[in-house]
Amino acid sequence: MSDDPIERSGLGKDFWRHKTMAQMSQKEWEALCDGCGKCCLNKLEDEDSGEVALTRVACRLLDDSTCRCAQYDIRHQFVPECIVMTPSNIKEHLYWLPQTCGYRLVYEGRDLEPWHPLKSGTAQSVHDAKVSVKDMTIPEFEVDEDDWEDHIIEEPL
Ligand code: SF4
Ligand code: SF4
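Residues numbered from 1 in each chain as written. Chains lettered and ligands numbered in written order. Predicted model: local features only at pLDDT ≥ 70, side-chain atom pairs only at ≥ 80, totals over all residues.

As annotated in an unreviewed UniProt entry, the protein carries the name UPF0260 protein PFRI_41130 and is attributed to Planktotalea frisia. For the protein, the Sequence similarities (unreviewed entry) comment in UniProt is given as "Belongs to the UPF0260 family." (UniProt positions renumbered as here; feature names shortened; annotations may be inferred.)

Engineer: Looking at this model, I keep getting lost on the overall build of the protein. Mind explaining?
Structural biologist: Scanning the protein from N- to C-terminus turns up six helices and six strands. The order of α-helices and β-strands along the protein, N terminus first, is α-α-β-β-β-β-α-α-α-α-β-β. Taken over the C-alpha atoms alone, the protein extends approximately 45 × 35 × 30 Å along its principal axes. Across the 157 residues that make up the protein, the buried fraction comes to 22%. (Helix = DSSP H or I, 4+ residues; strand = E, 2+ residues; numbered from the N terminus. Buried ≥ 20, exposed ≤ 12 C-beta atoms within 10 Å, placed from the backbone.)

Engineer: Would you explain the site of ligand 2 in this entry?
Structural biologist: All residues in the neighbourhood of ligand 2 are listed as C40, C59, L61, L62, C69, R75, V79 and C82. Of the residues in the shell around ligand 2, the class split is seven nonpolar, no polar and one charged. (Near = placed C-beta within 6 Å. Nonpolar A, V, L, I, M, F, W, Y, C, P; charged D, E, K, R; others polar.)

Engineer: Even after reading the chapter, I still don't get the environment of E30, so can you show me in this structure?
Structural biologist: One can find E30 in helix α2 (residues 26-31). Separated by 112 residues in sequence, E30 and E142 have C-alpha atoms that sit 30 Å apart.

Engineer: Just checking my understanding: could you explain the site of ligand 1 for this structure?
Structural biologist: The local shell around ligand 1 consists of C33, D34, G35, C36, G37, K38, C39, P98, C101, G102 and Y103. The residue makeup of the shell around ligand 1, split by class, is six nonpolar, three polar and two charged.

Engineer: Which parts of the structure should I look at to understand the pairing of strand β2 (residues 52-58)?
Structural biologist: Each regular strand displays side chains that alternate between the two surfaces of the sheet. As judged from the four bridges shared by strand β1 (residues 41-45) and β2, these two strands associate in the antiparallel manner. Residue pairing for β2: L44 is matched across the bridge by A53. The hairpin formed by β1 and β2 contains six residues between the paired strands, and G50 there has a positive phi angle of roughly 80°. Strand direction decides the pairing type here: β2 and strand β5 (residues 138-139), joined by two bridges, are parallel. Following the sheet pairing, V57 is matched in β5 by I138. (Pairing = 2+ DSSP bridges.)

Engineer: Any chance you could explain the nonpolar core here in plain terms?
Structural biologist: The tendency in soluble globular proteins is for nonpolar side chains to be buried as a group. Counting residues in hydrophobic clusters, the biggest one holds 23 residues, and the most contacted among them are L32, C36, C40, L41, A58 and V126. Residue assignment for this core shows that the elements contributing at least two residues are β2 and α4 (102-107). Of all the elements, β2 adds the most residues to this core, at three residues. The residues contacting C36, other than those within four sequence positions of it, are C67, P98, T100, V126, V131, S132 and V133. (Core = buried A, V, L, I, M, F, W, Y, C linked by C-beta atoms within 7 Å. Contact = placed C-beta atoms within 7 Å.)

Here you go:
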């Protein structure tokens, strides 16, 4: 799994099917992320309907060649509003989480997709399945916030 920026070695087989989120170790919890990068895209929320639209405008720290945060461990120094997902707050964030997000799937009691690195054994499978944001984003410093609506996209599924 050398191409995988998330450490997934030594985890129990199908642990996400046998443990509750609250029972997972920090390593197991982090490993639920498939690395798609979709949660690092800016979204537009309709105040009246509550509908959330995804844009191709990415957080300033997203590296869209890898779909990884360029400063994950110290990201809050640069992006204080970046949300830290936990077993206790995932429910309140569910409304904007991507449909294929590993956290959503496990929270909803569903299995991970076959292309998830925990199943495929490689991070590349997420890009090959075309569910990641690889090479399709625009950095937020290049687009005025008033123009984000010109960059609304459908979630890659
Ligand atoms: S949307 Fe979910 S699976 Fe994809 S990068 Fe974000 S946390 Fe990970
Ligand atoms: S700070 Fe990093 S993890 Fe948070 S939204 Fe930006 S790129 Fe994603």
